[in-house]
Amino acid sequence: MSDPQLHQYVHHIAHTRIGNAIVYHADCFAWMRAIPAESIHAIVTDPPYGVREFEPDQLAKRERGQGGVWRIPPSFDGHTRAPLPRFTAMTEDDRQQLAAYFGEWGRLALRVLRPGGHLFIAANALLAQLVFASLSDAGFEFRGQIIRLVRTLRGGDRPKNAETEFADVCSLPRGCYEPWGLFRKPLPTGMTVSECLRAHQTGGLRRNPDGTPFTDVIESERTPQRERALANHPSLKPQSFLRQIVYAALPLGTGVILDPFMGSGSTIAAALAVGYAAIGIERNERYYQLSVQAIPALANLYPAQSQLFLQL
C-alpha cells in the first residue's frame, strides 16, 4: 500500500505534506488503529520513556527549570547539562505502567508492520530491559541492539548532598552509549528472508552504500548545536546517526518509514535526506508545528554527504 492509498484512511486528521513525507498531529495509538494492517515497512522511533515527561505540565516545568519529572543536573566542568527525565526515581507502579504502555503500543506496531518489517527503538541503559521485554511479549522477534557510542555528560555524579563526604564515589557510571532495540515482525511460517523480500520488501536490513554490512555499533556525535537551533526538542538525535539507522531499515530502499513519536521530526528529516518516504505522528501541538519547519531544514543539511552518512 502506497502513502497516498494509506492517507485515505486518516485524511481527516490534521496533517502536513513535506516532500515525500506526511506528518500528522495525532495520538499514535488512535492513528495506528485507524490504518489498515500491514501497511508500514519499518518503524524508527525514540519514544517518551517516562511517558509523563512530555505532558504539558511537565514540559512547562522543564522550561522554567523547576524540574518536576525532569531532573535539572548540576553543571560539570563548566558545561551546563540538559534536563533529564527521572528514570532512576521511577516507582514499581511507574515501571508496571510503562510495561503495560509499551505492551499495548507493541501490539499496535506489530499490527501495522508488514511481515518481516523491522522496528528500531531508542532506549536507555536503565529501562531497555523492561521495554524490550514488553515488545517481545507483544509478539516481536528480538534481533539484538544497535549501540550508539556517544560520550555524554550524563551520570558520573557523586552522591547528592554528600559530594564531599563521598568524593571518590559516583552513583551511576558516566554514560557513553545509547542502546537501540532492533526487533522484527515474524516472517510467515515457512517463508524465507528472500521470499519475504520478494513478497513484502521486508525481512532484512539494507547494506551501507559502499556495500559493507550494516553494523550494530555506530560511533556518534552529540547532536550539533546547528541542528538543535532548527529543532529544539529535548531528545533530538543527530542526523549523522539517524540517517544510518533509517537507511538500513528499508532493505530494498523502497517502502514507508513510520515514526509514531515524531517529536520535532528528526527521523522524518533523515528519511527524506536518504530518499525515502516517511510518515510522522506527534500529539504535542507545539512539537508538531515545530516539525513542519524543522523537517525540511534538517533534511537539507549536509546535502553532499547524505549518502555517505556524514562520516565523522
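Residues numbered from 1 in each chain as written. Predicted model: local features only at pLDDT ≥ 70, side-chain atom pairs only at ≥ 80, totals over all residues. Heavy atoms only, no water.

## Re the packing of helix 8 (residues 239–249) against helix 9 (residues 266–273)
Step number 1: Following both chains from N to C, one finds helix 8 and helix 9 inclined at 65°, their axes separated by 8 Å at the closest point. On the basis of the axis angle, helix 8 is roughly perpendicular to helix 9. Where helix 8 crosses over helix 9, the handedness of that crossing is right-handed. Within the contact between the two elements, helix 8 uses Q239, L242, R243 and V246 and helix 9 uses S266, T267, A269, A270, A271 and A273. (Axes fitted to C-alpha atoms, helices over the stretch in contact; angles between N-to-C directions. Helix = DSSP H or I, 4+ residues; strand = E, 2+ residues; numbered from the N terminus. Parallel < 35°, antiparallel > 145°, perpendicular 65-115°, else oblique. Left-handed = near helix turned anticlockwise from the far one by under 90°. Contact = heavy atoms within 4.5 Å.)

## Quick word on the confidence of the model for the chain
Step number 1: Model confidence for the chain is summarised by a mean pLDDT of 87, while 83% of its residues fall at 70 or above.
Step number 2: Across residues 69–81 the pLDDT falls below 50, and counting only partners more than four positions away or on other chains, this stretch makes 38 contacts in the model. (pLDDT = per-residue confidence, 0-100.)

## Brief notes about a nonpolar patch on the surface
Step number 1: Together, L149, Y177 and V217 give the surface a local cluster of nonpolar side chains, amounting to about 260 Å² of exposed area.
Step number 2: Along the chain, Y177 turns up in strand 8 (residues 177–184).
Step number 3: For Y177, a relative accessible area of 43% corresponds to the partly exposed category. (Patch = residues over 30% accessible without salt bridge, like charges linked within 9 Å, V, L, I, M, F, W, Y side chains within 5 Å. Areas by Shrake-Rupley, 256 points an atom, 1.4 Å probe, with all protein chains shown as cover. Salt bridge = Lys/Arg side-chain N within 4 Å of Asp/Glu carboxyl O. Buried < 20%, exposed > 50% of the residue type's maximum accessible area, 1.4 Å probe, protein only.)

## Let's talk about unusual backbone geometry
A negative phi angle is the norm for most residues apart from glycine, just as the trans form is the norm for most peptide bonds.
Step number 1: The phi torsion at N161 lies on the positive side, around 65°, for a residue other than glycine.
Step number 2: You can see N161 is positioned in the loop between strand 7 (141–149) and strand 8.
Step number 3: When its relative accessible area of 70% is taken as the criterion, N161 is described as exposed.
Step number 4: A positive phi angle, near 60°, is found at Q201, a position not held by glycine.
Step number 5: Structurally, the position occupied by Q201 is in the loop between helix 6 (193–200) and strand 9 (217–219).
Step number 6: For Q201, a relative accessible area of 23% corresponds to the partly exposed category.

## Some details on the pairing of strand 10 (residues 256–259)
Taken residue by residue, a regular strand's side chains alternate between the two faces of the sheet.
Step number 1: Judged by which residues are buried, strand 10 turns out to be covered on both faces: V256 and L258 on one side and I257 and D259 on the other are all buried.
Step number 2: As paired elements, strand 3 (residues 40–45) and strand 10 share two bridges and run parallel to each other. Within strand 10, the residue paired with I43 across the bridge is L258.
Step number 3: Summarising the sheet, strand 10 and strand 11 (residues 277–282) pair through four bridges and their orientation is parallel. The residue of strand 11 that forms the bridge with I257 is A278. (Pairing = 2+ DSSP bridges.)

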